[in-house]
Every structure is written in C-alpha cells, then in structure tokens.
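What the coordinates show
Read off the chains here:
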Amino acid sequence: MVVVANVLAAIFGCAAVAKLTDRRALPQAIVDFGLPARTATPLGGLLVVCEFAVALALAVRPWARGGALGALVLLAGFSAAIALNVSRGRTPACRCFGGAHTAPVGWSTVARNGLLATLAAFVALGGRFPWLFAGLAAATALAWLGLRPVRIRKVRPGMVARGFSLPDETGRTWTMDSLLAAHRPLLLVFSDHACSACSALLPQVAGWQETYGERVTIAVVSGGTQHANVLAGADGPDEAAPHRLLADAHRRVLADYGVTATPSAVLINAERVVVAAPAVGAAEIRGLIEKALRTRGGSTIARRAVLFASAALAPALASACTAARDIRSIAPSGTPPKQVEVGGGWLCDQRYALCTSASCEPSPDDPNVVICRCAVEDGYSYGFTSCDERAPKGDKLISTFSVQNTSSRTHAMTCTDRARWANCLDVTCHIDPQDPHRALCHCQSVESENFLTFGGNCDTRTCATVIWSAATQELPGVAEYKSAMKSIGLPVTFPEACPSSTPEAISRSVQPLRVR
C-alpha cells in the first residue's frame, strides 16, 4: 500500500508542478473543456493547489487515506468532464502534465483515469482486498492499452501518405494522386460535420484556398455523408465554404490516418511523403499553412540539381545570409519570427481579437464607448503596443489588425455619410463567457464621414443603421502590417473594394495593398 501511495503522490505532484510551469496555457485548456472563461484562471489555480495537497497527503503515511480520497474526487471530476466532451464529439487537448505532454482526450484517457482511481481506492481502503483491486487494475490497464493503438497508428513525418478515393461537394472523385497532380504541397484538413470547432474553421480554410491556392493544395476530408458535409460547410449566407470538401461517409480515411480529434491536419509534399507531424486545433493547423508555404514541391532529382548548382552560387548565398541577420536574431533558424517591429508598431504571433467586420452596440455606461463582438484568432496581427503588452492574460485580449479571416466574399465598404463607427485598434477585450470564439471589445466611438469597414456586405444602407468597427480612409497600420508580413515571407491579400457603388478614391486606396 505504501508503494502505491508513493506512486500516486509522484504522479499528482508531477502534474501539479507541470501545470504550475504552464500556468499561462492552463486557463485556455479549461475553457476548451467548455467552462466559462471568467472561471478559468481561478479554477486553474484551485486545481494546482488541490493536486499539490493530494500529493502531500499521499506522501505522508498518516494522511495517505485522506489523500487517496481526494485523488478519487479529482479523478472522478476529470473523467466526467472528459466523458462529457468525448460523447459530444469534442476532443480538447489534455494538458494533464502541462506543456510536457499535450494530446487530445479520448476514451483511453478515461480508462487511464480508471486505473489511477483503482489504485487510489485501494489506498483509501487501507490496502484491503488486494486481489480484487489487482484484478480491477489489470482490467483498466488493458482497457487503456486497448484504446491507445488508434493514436499509435497516426502517420508520422517521413511516412508515405496513405491513398484514398473520395467524392467532393460537386460529386467529383478525388484521389491522392489527383490532389498531388499540380506538384504542390498538400494540406489535408480532417473535419467532421458534427464538430462545431470544424464548422468555425471551414470559412478560414476557404480563405486559405483562395489566398494560397497557387502555392498549396488544400483539401478537407470530413466524416459524414456528402449532404451533411455540404450543409456543415456553409453555415450561413455570409460564410465562405471551402471547395474540395471530401465526404468520408464511413470515416475510413480518418481511421487510416489515426485521426481521433478534429479539426486536425497533415502536410504532405509533392512526393507523397508526410513532412510534418499531424496538427490538432486551429492554431496548429495555421502553423502547417506557414510550413507549407516554405515547402518546395518537385522531384528529388530536381532538388539535387538545385543543390549542385548552389555550390557555384556560394558567394551570393553568403550575401543573402548576411542580409537576413536581423530576422535570424529574432527567431530560430528556419522558423518565422514571433515578433517584428515595423513603423512604430509590432507584428506579433499570438492570440488576439479581430474586429474588422464586427458590429457594435452603444455602451450603457459610457457614451464615448461602443461594445463590439469580435472574433478570437491565433496568428500574426499588427498593433501599436508591444507583444508583451498585448499578450493574452486569462480572458483578456487586445484587438489588433490582420486580414486572417477574410475570404473572396469579404469586401472593403466605404461609408460617405456622417455616421457613428467604432475604432477598435489596440483596445482591451474580454472573451465572451458564452462563446470562447468571440470577444467583447470596448472600442472608441467615432462620428465622421468617409470611413472604411470590412462589414456590411457592401450594403451602404447599413452605414447609418449599424455601428461598424471601421477605420479612416488613411487605414492606419495597414501599410506597416503589409510590410511586416512581407519581411517574414508570408503573403497577404486584402479585400477588394465593393463594386461600382464604392467611390473610386477608396478603390485606389485599397487595391494597391494586395501582396501576392
């Protein structure tokens, strides 16, 4: 019994220490399990304290039985939260040991907790009925090991990608060979028609297809029938739906690729080799997009020819390396920098609030403030405060500028009549407790003529009836954002101006900002 108690003490102690060192990510992990954002920080602190207390009690023999009861309560709570999410088709990342080990939860996680709970019950009963608990421990251990192979079968970098044949939303059948016919990197995004996080990501996937389609082939493999996936791919009239939405009716391709959590993605090069570990969640998938933009297609023979020719260009390569020292000083070699200073502001790669097309309401407390419901995004954005100052803390975010969630359906609409609008650049926001994908931002109320917004769907009548998050025609920060993104090699496409109803002057001000 003493040995079992010490093992449990070590497990809970390590978990508490790991969470404490990963305390900035812990609140978001709690939100991902469906709890309100406002409770995430205090719950995270309480969880760490409870795990420390359980570990201490288990390690001190007179308190071991009480510590075991505490462990049972924690394990029961963890298992109930995991089972509830998995039964609803959600598999958030388990940060049970902080950043040291992050993986999607599943029934194997519940089985693992069952094994620990069996050991805790044995200690709580003072070591009685050893054969009974030995049998229960063996059964839960076998269940845990039996459920784990689905994860182990996941593809790994260097493996040849598995083939398939699936119909898209138009009825056309796609295979691995046809997707790689253009000799470009292939990003396979795995989705499910019943997954709400996937539905939220699909408009962004459509935007990536529009923006990066000439450099990366992007296809969505979605579990469910063709009809269900077409409906899931178009949530509303203003949402862009991706093309190449492949229906995996029996989820066989998802099983072949070991997909246990959606949305997820895998990056494959032109030679059908997996070049990156599978990514889970919107933020990691965006990272694969950036990697895909740096991945070259073509054959091995062609690459060898390039390497041979580069020997004759050594002086030029040395000059290029010297010119890139400023970026290498900010970021590790081969990866985009996390922050770039341009024009008095900063381009930062982190979580932020994006209000470019948000509608707003007057604040009930301050006539100079309007409250806008903005999107919560992860990635590069530009603002005039430092990256440290606008780093997310708990449910607090800063609203900054990017074109991350724009698509071919997004337009820049100009309002020319004097009306009220919201200036949301560099303002404080808080994640909506009811929807972790949205943030409520307290923006400055402005009244003027000639302002520009990505909202309104080119219906200028809404200029006077809706308070839009907008900017002046000078578009502060946009040129700096474009320059910073170009400096790290990431293309940017700005929305086109609205059709002929938009004044020609605005058309001229927006169109030159497009960077391919």
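Overview of the structure. Every value quoted in this text rests on a predicted model; they were computed, and no experiment measured them.

**Some details on the sheet that holds strand β19 (residues 451-453)**
With mixed pairing, four strands are arranged side by side in an open sheet as β21-β19-β15-β22. Strands with a single pairing partner mark the edges of an open sheet, and in this sheet they are β21 (471-472) and β22 (496-497). Where strand β15 (residues 411-415) lies against β19, three bridges are found, and the strand directions are antiparallel. Residue Met413 lies in a different strand from β19, and its bridge partner there is Thr453.

**Considering the packing of helix α5 (residues 107-124) against helix α6 (residues 130-147)**
The relative placement of two packed helices comes down to the angle between their axes together with the axis-to-axis distance. Between α5 and α6, whose axes approach to 8 Å, the crossing angle comes to 165°. When the axis of α5 is compared with that of α6, the two are roughly antiparallel. Judged by the twist between their axes, the crossing of α5 over α6 is left-handed. Taking contact as the criterion, the partners of Trp107, Ser108, Ala111, Arg112, Gly114, Leu115, Thr118, Ala121 and Phe122 in α5 are, on α6, Pro130, Phe133, Leu136, Ala137, Thr140, Ala141, Ala143, Trp144 and Leu147. By residue class, the composition of the contact of α5 with α6 is 13 nonpolar, four polar and one charged.

**Some words on the pairing of strand β16 (residues 419-423)**
Pairing between β16 and strand β18 (residues 435-448): five bridges, direction antiparallel. Counted as the bridge partner of Arg420 is Glu447 from β18. Note: β16 against strand β20 (residues 467-469), two bridges, orientation parallel. Residue pairing for β20: Trp421 is matched across the bridge by Trp468.

**Some thoughts on the state of the cysteines**
The term disulfide refers to a covalent linkage connecting the sulfur atoms of a pair of cysteines. One pass over the full model with this rule turns up seven disulfides. The residue that forms a disulfide with Cys415 is Cys463, at a sulfur-sulfur distance of 1.9 Å. Every disulfide takes its handedness from the sign of the S-S torsion; for Cys415 and Cys463 that torsion is -75°, giving left-handed. Of the two residues, Cys415 sits in strand β15 while Cys463 sits in helix α16 (residues 462-465), which places them 48 residues apart along the sequence. You'll find Cys415 and Cys463 in the same group, each marked buried. At a sulfur-sulfur separation of 2.0 Å, the disulfide partner of Cys424 is Cys443. Its S-S torsion of approximately 105° makes the covalent link between Cys424 and Cys443 right-handed. With Cys424 in the loop between β16 and β17 (428-432) and Cys443 in strand β18, the pair connects residues that are 19 residues apart, well separated along the chain.

Parameters and conventions
Residues numbered from 1 in each chain as written. Predicted model: local features only at pLDDT ≥ 70, side-chain atom pairs only at ≥ 80, totals over all residues. Heavy atoms only, no water. Pairing = 2+ DSSP bridges. Helix = DSSP H or I, 4+ residues; strand = E, 2+ residues; numbered from the N terminus. Axes fitted to C-alpha atoms, helices over the stretch in contact; angles between N-to-C directions. Parallel < 35°, antiparallel > 145°, perpendicular 65-115°, else oblique. Left-handed = near helix turned anticlockwise from the far one by under 90°. Contact = heavy atoms within 4.5 Å. Nonpolar A, V, L, I, M, F, W, Y, C, P; charged D, E, K, R; others polar. Disulfide = S-S within 2.5 Å. Buried < 20%, exposed > 50% of the residue type's maximum accessible area, 1.4 Å probe, protein only.

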